[in-house]
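Each chain is listed here by its residues.
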Amino acid sequence: MTRLILTLVALGLTSMPVAADAPAHETQAREIYARIVGFRTAEGQKQTPAMVAYLTDVLTKAGVPAADITTLDSGEARAMLVRVPGQGRGRPILFSAHMDVVDARPEDWVRDPFTLLEENGVFYGRGSTDNKAGVAALMSTILRLHDGKLQPTRDLVFAFVGDEETGMLTTKLIADHPWVTNAEFAINTDAGGGLLDDATSKPLIYLVQGAEKTYASFELLVTNAGGHSSRPRADNAIYQLARAMLKVEAYHFPVMANDLTRAYLGAVGQAQPGEVGDALRRFATDPTDAAAAETLSRSPEFVGTTRTTCVATMLDAGHAENALPQKAKAVVNCRIFPGVPVETVRDALVTAIADAGVQVTTIDTPEASPVSEMRPDVMKAIMNALHEKYPGVPVVPYLESGGTDGKVYRTAGIPTFASSGLFSKPAEMYAHGLNERLPVSSFYEGLDHIFQLAVELGGAKRAH
Ligand SMILES: [Zn+2]
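Nothing here was measured: the structure is a model prediction, and the numbers come from that model.

Enquirer: What's the story with the overall build of the chain in this structure? I'm lost.
Expert: The helix and strand tally for the chain stands at 13 helices and 21 strands. The globule rule puts the C-alpha radius of gyration for 464 residues at 23 Å, and the 25 Å found for the chain is close to it. Taken over the C-alpha atoms alone, the chain extends approximately 85 × 50 × 45 Å along its principal axes. Relative to its 464 residues, the chain shows a buried fraction of 51%. For the chain, contacts bridging at least 24 residues in sequence account for 77% of all contacts bridging at least 6. Surface summary for the chain: the accessible area is close to 20,500 Å², and the carbon and sulfur share equals 54%.

Structural data, given as structure tokens:
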């Protein structure tokens, strides 16, 4: 405690008011949180090296050996790895958070996005949820293990990613690092969490991310010799593309299910009334129930968990009012069910369109990532960590439609489970948006969540 206060004074970190009776690790984590929200770690701002320098300084002053800290550079961003050495019994566990944020323009915010503010039980600031609370939780866990002289049975490796919101190039460097390549599994703080009832704040369900859909876009292109619009021809690039687009609209990818999606849909169905709830429960029991799948296909909330979806998102054609179009193109964005190769989806679109004059090209090089099968030890540790505070809350895996570092780790062969420990109300999701916020109590619960997972899964005990 005394050393901590001295450290904070030395770092000039005593400006934030904190409750006098707060445990030392909470005071410390809150100071770190306040400092890191102050780094504008958005694309193009080049702030990740400064943030890494600050975090390194905190760890070094706390006595973490320099040999257990390393940095990785992609050219655009810097990442950091910290190792808490174990006793060599078992393969390492990776814990991950990302330091970068989606940019925020101070003039658009009610409060300065890069100053952590506490108001009426809520923290405000860019990254307050996504994902600087996770960074603070990893830092807090390392410092608590270190201060408590808790030695895990196996290495625990803590990853601070520099560019999750953009290229994930530092994530790939992390996945290839010798401390990480042999990891048995990873805990990602950047997704997974509990839902509270909007009206009563009662905890409804806790979701653990075990897979992500593959994001892929395709360009559909039709070219034509064109000509003068006063002399129309039978073939026209716009009509030809329009016909192709209607076939894309009419095409439905096959219904798919795996253990993870069935567990998720079944659990959500328990809390869902009416026709959709009924369909969820029936589909979870029997994914070949075509009527249930049909009902879910009409629900924007659930269709993505039952199949690959593709939808037209952009259109661009013609070059002059009085000219026949020489070119018409569209973009179709797909969210691909785990395990389905991108090429299979492209082939399905080509077959559905059935017109050799429409070129279908994959945009960029999307990578598919596998499903991480739920591990009983991980699910049990997550439940143990949650049930003290939220007894009986159901803990259920889910398929993410967005994207996180988890897909890079899974592609590298490291099963990854995202669990932040943070509970929030669906009406209060502000990640990437204006006035991002996190309830103060959730922040502290998130610290304990990650610490408890590290202790239970890592077998951390006081060294003698
Ligand atoms: Zn994130």
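Enquirer: I'm lost on the coordination of the zinc ion in this one. Help?
Expert: Octahedral six-donor coordination of a metal ideally yields angles of 90 or 180 degrees, compared with 109.5 degrees for tetrahedral four-donor coordination. The protein atoms that coordinate the zinc ion are H98 (NE2), D130 (OD), D190 (OD) and D190 (OD), at distances of 1.8 to 2.5 Å. Geometry at the zinc ion is irregular, judged from the 4 donor atoms that bind it and their angles of 54 to 143° at the metal. Each donor residue of the zinc ion belongs to the same chain, and together they define the spacing H-x31-D-x59-D. Taken as a pair, D130 in the loop between strand 5 (122-124) and helix 4 (132-147) and D190 in the loop between strand 8 (185-188) and strand 9 (193-196) lie far apart in primary sequence, 60 residues in all. Overall, D130 belongs to the buried group, its relative accessible area being 11%. Owing to a relative accessible area of 15%, D190 belongs among the buried residues under this scheme.

Enquirer: Where do I start with the nonpolar core in this structure?
Expert: Across soluble globular proteins, nonpolar side chains have a tendency to be buried as a group. If you look at the biggest cluster of nonpolar residues, it comprises 66 residues, and the most contacted ones within it are Y33, L55, L59, F95, F158, F160 and F443. For L55, the contacting residues outside a window of four places in its chain are I32, I36, M80, M99, V135, M139 and F160. Residues F218, F253, C310 and I353 belong to the second largest nonpolar core, which totals 28 residues.

Enquirer: Any chance you could explain the state of the cysteines here in plain terms?
Expert: Here, the word disulfide means a covalent bond between the sulfur atoms of two cysteines. A complete count under the given rule lists 1 disulfide for this structure. The residue that forms a disulfide with C310 is C334, at a sulfur-sulfur distance of 2.1 Å. Taking the torsion about the sulfur-sulfur bond, which here is approximately 110°, the covalent link between C310 and C334 counts as right-handed. Here the residue C310 occupies a position in strand 13 (residues 309-317), and C334 occupies one in strand 15 (residues 327-336), the gap between them amounting to 24 residues. Of the two residues, C310 and C334, both sit in the buried class.

Enquirer: Can you help me understand the pattern of salt bridges in this one?
Expert: If charged atoms from side chains of opposite charge come close, those side chains can pair. Applying the stated criterion across every chain, the model contains 25 salt bridges. For R83, the salt bridge identified is with D68, shortest N-O distance 3.2 Å. Taken together, the residues span a long stretch of sequence, with R83 in strand 2 (residues 78-84) and D68 in the loop between helix 3 (48-61) and strand 1 (69-73) at a distance of 15 residues. Judged by its relative accessible area of 23%, R83 is partly exposed. Of the charged contacts in the structure, one is a salt bridge between D377 and R375, with a shortest N-O distance of 2.8 Å. Counted as one network, the salt bridges with shared partners bring together R154, E184, R375 and D377.

Enquirer: So what exactly am I meant to see when it comes to the pairing of strand 2 here?
Expert: The side chains of a regular strand alternate, residue by residue, between the two faces of the sheet. Strand 2 sits mainly inside the fold: 5 of its 7 residues count as buried. The sheet contact formed by strand 1 and strand 2 spans 5 bridges and is antiparallel. Paired with T71 across the strands is M80, a residue of strand 2. Linking strand 1 to strand 2, which pair antiparallel, is a turn of 4 residues; within it G75 sits at a positive phi near 100°. By the bridge criterion, 5 bridges tie strand 2 to strand 7 (residues 156-161) in an arrangement that is antiparallel. Pairing of M80 across the sheet is with F160, part of strand 7.

Basis of the calculations
Residues numbered from 1 in each chain as written. Predicted model: local features only at pLDDT ≥ 70, side-chain atom pairs only at ≥ 80, totals over all residues. Heavy atoms only, no water. Helix = DSSP H or I, 4+ residues; strand = E, 2+ residues; numbered from the N terminus. Rg over C-alpha atoms; globule rule 2.2 N^0.38 Å. Buried < 20%, exposed > 50% of the residue type's maximum accessible area, 1.4 Å probe, protein only. Contact = heavy atoms within 4.5 Å. Areas by Shrake-Rupley, 256 points an atom, 1.4 Å probe, with all protein chains shown as cover. Donors = N, O, S within 2.8 Å, 3.2 Å for Na, K, Ca; no water. Tetrahedral: all angles 85-135°; square planar, octahedral: opposite > 155°, others 65-115°. Core = buried A, V, L, I, M, F, W, Y, C linked by side-chain atoms within 4.5 Å. Disulfide = S-S within 2.5 Å. Salt bridge = Lys/Arg side-chain N within 4 Å of Asp/Glu carboxyl O. Pairing = 2+ DSSP bridges.

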